Amino acid sequence: NKLGLYLHIPFWRSKCRYCDFYSLPDPSRMGDYVQALVRELRQRSGELGDRTIDSIYVGGGTPTALSSEALGEICRAVSESYLLTDDCEWTVEANPATVNREKLSVLRQSGVNRLSMGLQSIHSEELRYLGRIHDYTVFADNFALARECGFANISVDLMLGIPAQSVTSLRESIDRVAALSPEHLSLYGLRIEEETPFFAERERLPLPDEDCEREMYLSAVEQLALLGYRQYEISNFAREGYASRHNLRYWRRE
C-alpha cells in the first residue's frame, strides 16, 4: 500500500561531460516546467486512492538549479496533494555549486529530510576532467551549511574510473569524505555514453584500464567497510539504519 515518488528536474547550470541524462540548459523554461510539474502532481494525486508515499526522490539534471521559490512550490504541491508516512524519506539531489542557505532552509522546512550531494572527487584535476563546477572547498563548506540547516541524513556521491584517477587518489577521496561523517556514500563507476563529450574524446582520455578499475572498486569496498559503511547495493554504502529506502525500492523492483 506504499509507493515511492520520483520527480525529475531537467535543468543544470553546466552539464558534466559524461552525463547522458535528459536535461536542458535553458533557464527561461524553468518557470513553465515547474508549473506543469505542480499541475501534474495535483492532478494525479487522485489516482492513488488510499496509498501512502514513504519515499520521494527529486533528481535531475540539477534540482538545486531551481530558485528557492520554485523548490518550495514543488514541495508544497507534494505535501498538500499526497499522504506521506510519518517516516517518509524525502531526498533532493544537490550540486555543491548551486546550493545556499536559503535553498537548504526552504527544503528542510518543506519536509525534505535527506540530501544527496554530488562531489565525485576531492581532486581538482579529476573534477576538471568531469566538467564539474565546484571544488572540494565549495563542497565542504556547503556540507557544513546543510548540517547547520538541519539535515541529519546526507549522502555523498563519488566516482571511480575518472580520467587520471588512481587507486591512491580514490582512497584519498573516500578518507576525506568519511571524515565529514555523511550517513551514506555512493560510489559509481564512470560509463562512457554515446552522444556525450567523453564519447567523442574516449580515445584521448587518460582512463584507468579495467584491471585498475577493478582494484579501485575492491579496495574501496574494503576501505568503506572499515570506515563503518555497509555495502547494501553494488554502488551504495550506508551507516547502520541509513540505507536509502528509495534506492532499495528500485533494487527490489517494488
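Conventions used here
- Residues numbered from 1 in each chain as written.
- Predicted model: local features only at pLDDT ≥ 70, side-chain atom pairs only at ≥ 80, totals over all residues.
- Heavy atoms only, no water.
- Helix = DSSP H or I, 4+ residues; strand = E, 2+ residues; numbered from the N terminus.
- Contact = heavy atoms within 4.5 Å.
- Phe/Tyr/Trp six-rings, centres within 6.5 Å; stacked < 30°, edge-to-face > 60°.
- Buried < 20%, exposed > 50% of the residue type's maximum accessible area, 1.4 Å probe, protein only.
- Lys NZ or Arg CZ within 6 Å of the ring centre and 35° of its normal.

Asks: When you look at the environment of Leu170 in this model, what are you seeing that I'm missing?
Replies: Relative to the helices and strands, Leu170 resides in helix α6 (residues 167-178). A C-alpha to C-alpha distance of 26 Å links Leu170 and Phe151, two positions 19 residues apart in sequence. Those residues in contact with Leu170 that lie beyond four places of it in its chain are Met159, Leu160, Gln165, Leu187, Met216 and Ala220.

Asks: Please explain the packing of aromatic side chains as it appears in this structure.
Replies: The description of an aromatic ring pair uses the distance of the two centres, along with the angle that the planes make with each other. Within the structure shown, the criterion is met by four aromatic pairs. When the ring of Tyr6 is compared with that of Tyr57, the centres are 6.3 Å apart and the planes differ by 20°; the resulting orientation is stacked. Of this pair, Tyr6 sits in strand β1 (residues 2-9) while Tyr57 sits in strand β2 (residues 52-60), placing them 51 residues apart in sequence. Ring centres of Tyr136 and Phe139 lie 5.9 Å apart, and the angle between their planes is 45°; on these two criteria the pair is classed as tilted. With Tyr136 and Phe139 both in helix α5 (residues 136-148), this residue pair falls three residues apart, about one helical turn. Here Tyr136 matches Phe139 in class, with each residue buried. Each residue in the set Tyr136, Phe139 and Phe143 is aromatic and connected to the rest through ring pairs, giving one cluster. In this structure, Arg108 packs its charged tip against the face of Phe151, placed 6.0 Å from the ring centre. The aromatic ring of Tyr136 is capped on one face by Arg176, whose charged end is 4.9 Å from the ring centroid.

Such coordinate-based values are descriptive only and should not be taken to indicate function.
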